[in-house]
Number of protein chains: 2
Amino acid sequence: MKAPHQESVLSRAARILEAFSQDETALTVSEIARRTGLHVATASRLVGELVAHGFLSRDDDRRVRIGVRLWELVVRASPTLSLRDAAMPFMEGVHDVVGHHVQLAVLDGEEVLFLERLSAPHAVINYTRIAGRLPLHASSSGLVLLAHAPAALKERVLAGDLTAYTPATPATPAALRALLAEVRRQGHAYCPGYVHDDALGIAAPVRGADGTVTAALSVIVPNERCAQEIVPVVRTAARGVSRALGTPGTGTF
Amino acid sequence: MKAPHQESVLSRAARILEAFSQDETALTVSEIARRTGLHVATASRLVGELVAHGFLSRDDDRRVRIGVRLWELVVRASPTLSLRDAAMPFMEGVHDVVGHHVQLAVLDGEEVLFLERLSAPHAVINYTRIAGRLPLHASSSGLVLLAHAPAALKERVLAGDLTAYTPATPATPAALRALLAEVRRQGHAYCPGYVHDDALGIAAPVRGADGTVTAALSVIVPNERCAQEIVPVVRTAARGVSRALGTPGTGTF
């Protein structure tokens, strides 16, 4: 164990990278110091080192951003690039037909992590962002991923915080348990108004080469009754991605 | 200046991230040691630290990959996410009409860096990859970016290595200089067989809120005469992205 003042360079570098977000992609050194709890002098020196190695870059106005070089290194060898590449042609097809939002998500820890999103201008409200997260119990993608997750994770989520975002969110263990069983049985999740009253999510499982569920393909559309017609579109696309990934067999999901 | 054995942790971490590539997204510690020139013990210790902080992750089979946590931190605050978000609806439209490959690129150093690509199955050959690079003088995107680059960069590229990938590549300073002038005058680059005999690239400039060229939108299609018909499609989409980014004025590019 190290004392806080002996914290490793990599640990402090990770804290600096964590200080940036979708809404704040450029920060001054003093903002970085405030967010990370590092002394300004320490933050300044470390930012200088991170800039020198391309992890960060500095604007003309002295604000600091994630470096294009780091973006390149991380994205070109991304562990999810092949999944994304396999999914995009199918996602584009769904987006042509359905409009609004089409997304690809994976399970990470006890949350949904969104890898990709196609959005139309003036589409219905959607909290999903690329590289953003949502809770497993409330989103259609999360319910598909959780329905096929190991029992231990399911039990942890069932015993954890089940925030009700709307009156429709499955916010009790009993409601969530029943819904997960239904998602497995049906082969998709249909979620009217679970995250926001105006939006409806539909998600279907994507299986990898070993046959296990590795991702969820979903759409977010206005919360209207006729959305049931979209279910086969989402399911077909998810099967297409699974086939492109080499999923064995052609049985039902 | 530090002696090599005193190289900083961040410098060695950067070398480790650089060891991964699109073709090798998973490496063993000994492969990492070989590629970086680090001692196996040093590589092993540093990989352990990088795994602990989410920069890397370790598979069940002990191979190491870029960490999903690092991907998330870098992509969510990506300096190019707003450009990419503005471009995608237009790129999808072009992809619907043209098929093959549609791409978005920026200038980085003396190369083209590709931020995004939409590809159809069985599309024509294309060396572009997301987060991949191509030389400025040979690709349609590179020619657009170079045509609008500062004079100093133009002169460096003109004086540098102008590899001829095919007989059609502009591989002499005179040919390249004439082509850059034409690209500026026409407002787009039309590149039959410059990188590969079978492929033809068409690129147009994307301007940012300050009116300067910040990106190139391009298509790669089979190298056939009728490709001229695609030029207005690419130009219109690039203007649409520029408008979405808030480019002032509506004059010609």
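Values in this document were obtained by computation on a predicted structure and should not be read as measured data.

Definitions and limits used
- Residues numbered from 1 in each chain as written.
- Chains lettered and ligands numbered in written order.
- Predicted model: local features only at pLDDT ≥ 70, side-chain atom pairs only at ≥ 80, totals over all residues.
- Heavy atoms only, no water.
- Helix = DSSP H or I, 4+ residues; strand = E, 2+ residues; numbered from the N terminus.
- Expected span 1.5 Å × (residues − 1).
- Buried < 20%, exposed > 50% of the residue type's maximum accessible area, 1.4 Å probe, protein only.
- Arc of directions from axis to C-beta.
- Contact = heavy atoms within 4.5 Å.
- Polar contact = N/O pair within 3.5 Å; in protein donor to acceptor, adjacent residues only side chain to side chain.
- UniProt positions renumbered as here; feature names shortened; annotations may be inferred.
- Salt bridge = Lys/Arg side-chain N within 4 Å of Asp/Glu carboxyl O.
- Buried area = accessible area lost by both parts, 1.4 Å probe.
- Least-squares fit on C-alpha atoms with pLDDT ≥ 70 in both.
- 1 Å grid on protein atoms, 1.4 Å probe; cavity = no way out; pocket = protein on both sides within 12 Å on 5 of 7 lines; lining within 4 Å.
- Points joined across faces, edges and corners; volume = space filled by probe spheres on them.
- Pairing = 2+ DSSP bridges.
- Axes fitted to C-alpha atoms, helices over the stretch in contact; angles between N-to-C directions.
- Left-handed = near helix turned anticlockwise from the far one by under 90°.
- Nonpolar A, V, L, I, M, F, W, Y, C, P; charged D, E, K, R; others polar.

**Student:** Any chance you could explain helix α8 (residues 173-186) of chain A here in plain terms?
**Tutor:** The α-helix advances 3.6 residues per turn, and as a result positions three or four apart in sequence lie on the same side. Residues and elements named next belong to chain A. With 14 residues, α8 should cover 20 Å at 1.5 Å per step; its first-to-last C-alpha distance of 20 Å lies within 8% of that length. Of all the positions in α8, only Leu176, Leu179, Leu180 and Val183 are classed as buried. The buried residues of α8 occupy an angular sector of 105° when projected down its axis, which confines them to one face. Opposite the buried face of α8, by more than 90 degrees, sit the exposed residues Ala174 and Arg185. Structurally, α8 contributes buried residues whose contacts are with α6 (140-147), α7 (151-159) and β6 (189-192). Just downstream of α8 lies Gly187, where phi reads positive at about 90°.

**Student:** Got a minute to help me understand the side chain of B:Thr169 in this structure?
**Tutor:** Residues and elements named next belong to chain B. With respect to the element layout, Thr169 can be found in the loop between α7 (151-159) and α8 (173-186). Under the relative-accessibility criterion, Thr169 is labelled buried at 6%. One polar contact links the side chain of Thr169 to the main-chain amide nitrogen of Thr166, over a distance of 3.0 Å. Every residue in contact with Thr169, bar those within four places of it in the chain, is listed here: His137, Ala138, Thr163, Ala164 and Tyr194.

**Student:** So what exactly am I meant to see when it comes to the UniProt feature "domain: HTH iclR-type" (unreviewed entry) in chain A here?
**Tutor:** In this structure's numbering, the residues bearing the UniProt feature "domain: HTH iclR-type" (unreviewed entry) are residues 7-68 of chain A. With 52% helix and 10% strand, residues 7-68 of chain A has end C-alpha atoms that lie 27 Å from one another.

**Student:** Please explain the pattern of salt bridges as it appears in this structure.
**Tutor:** Opposite charge on two side chains permits pairing when their charged atoms draw close. One pass over the full model with this rule turns up 30 salt bridges over all chains. Across the pair A:Glu18 and B:Arg69 runs a salt bridge whose closest N-O atoms are separated by 3.5 Å. Placement of the pair is A:Glu18 in helix α1 (residues 9-18) and B:Arg69 in helix α4 (residues 68-76), with the two residues belonging to separate chains. You can call A:Glu18 partly exposed: its relative accessible area is 36%. The salt bridge partner of B:Arg84 is A:Glu116, with a shortest N-O separation of 2.3 Å. Taken together, the residues span two chains, with B:Arg84 in helix α5 (residues 81-98) and A:Glu116 in strand β4 (residues 111-119). Accessibility classification places B:Arg84 together with A:Glu116 in one group, the buried group.

**Student:** Whenever I open this one, the environment of B:Val241 confuses me. Can you help?
**Tutor:** Residue and element names in this part refer to chain B. Relative to the elements of secondary structure, Val241 occurs in helix α9 (residues 231-244). A relative accessible area of 0% means that Val241 is categorised as buried. Residues Val241 and Glu31, spaced 210 residues apart in sequence, show a C-alpha to C-alpha distance of 42 Å. Residues in contact with Val241, not counting those within four places in the same chain, are Ala86, Ala87, Phe90, Val206 and Leu217.

**Student:** Help me understand the interface of chain A and chain B in this model?
**Tutor:** A common way to express how large an interface is: the accessible area buried when the components associate. On the side of chain B, 51 residues touch chain A, which itself brings 50 residues to the contact. On the chain A side of the interface with chain B, the three residues burying the most area are A:Leu10, A:Trp71 and A:Arg76, jointly 17% of the side's total. Here chain A and chain B share six salt bridges between them. The interface formed by chain A and chain B includes 14 residue pairs in polar contact (both at pLDDT 80 or more). For the side of chain A that touches chain B, the secondary-structure elements that each account for two or more residues are α1, α3 (40-52), β2 (64-66), α4 (68-76), α5 (81-98) and β4 of chain A. Per element, the largest residue contribution to the side of chain A that touches chain B is nine residues, and it comes from α4(A).

**Student:** In this structure, what is going on with the relation of the copies chain A and chain B? I would like to understand it.
**Tutor:** Superposing the two chain copies requires a rotation about an axis and a translation along that axis. The transformation that overlays chain A on chain B combines an axial shift of 0.0 Å with a rotation of 180°, and the residual RMSD is 0.1 Å. What the superposition gives is, in effect, a two-fold axis relating one chain to the other. Most of the interface of chain A is mirrored in chain B, where 100% of its interface residues are also at the interface.

**Student:** Quick question: what am I supposed to make of empty space enclosed by the protein here?
**Tutor:** Rolled over the atoms, a probe as big as a water molecule pinpoints where empty space is left. Overall, the coordinates contain four cavities of 30 Å³ or more when judged by the stated rule. There is about 270 Å³ of room inside the largest cavity. Lining the largest cavity are 18 residues, and of these A:Trp71, A:Val75, A:Glu116, B:Val75 and B:Glu116 sit closest to its centre. Elements that contribute at least two residues to the lining of the largest cavity include exactly α4, α5 and β4 of chain A together with α4, α5 and β4 (111-119) of chain B.

**Student:** Is there a simple way to think about the sheet that holds strand β5 (residues 133-135) of chain B in this case?
**Tutor:** Two orientations exist for strands paired in a sheet by backbone hydrogen bonds: parallel and antiparallel. Residues and elements named next belong to chain B. Spatially, six strands are ordered β5-β4-β3-β8-β7-β6 in an open sheet, and the strand pairing comes out antiparallel. If you trace the sheet from one side to the other, it starts and ends with β5 and β6 (189-192), each paired once. Between one strand axis and the next, the sheet turns through 30° on average, direction left out of account. Pairing of strand β3 (residues 101-108) with strand β8 (residues 213-222), which is carried by five bridges, proceeds in the antiparallel orientation. Directly across from Val102, in β8, lies its bridge partner Val219.

**Student:** It is not clear to me how the packing of helix α2 (residues 29-36) of chain A against α3(A) should be interpreted in this structure. Could you clarify?
**Tutor:** A packed helix pair is summarised by two numbers, namely the angle formed by the two axes and the spacing between the axes. Residue and element names in this part refer to chain A. One way to put it is that α2 packs onto α3 with a least axis distance of 9 Å and a crossing angle of 115°. The way α2 lies across α3 gives a crossing that is right-handed. Note on element contacts: α3 touches α2 through Val40, Ala43, Ser44 and Val47, opposite Val29, Ile32 and Ala33. Of the residues that constitute the contact of α2 with α3, the class distribution is six nonpolar, one polar and no charged.

**Student:** I would appreciate a short explanation of the UniProt feature "domain: IclR-ED" (unreviewed entry) in chain A in the present structure.
**Tutor:** UniProt feature "domain: IclR-ED" (unreviewed entry): in the numbering of this structure it lies at residues 69-247 of chain A. Spanning residues 69-247 of chain A, this segment combines 40% helix with 24% strand, and its end C-alpha atoms are found 34 Å apart.

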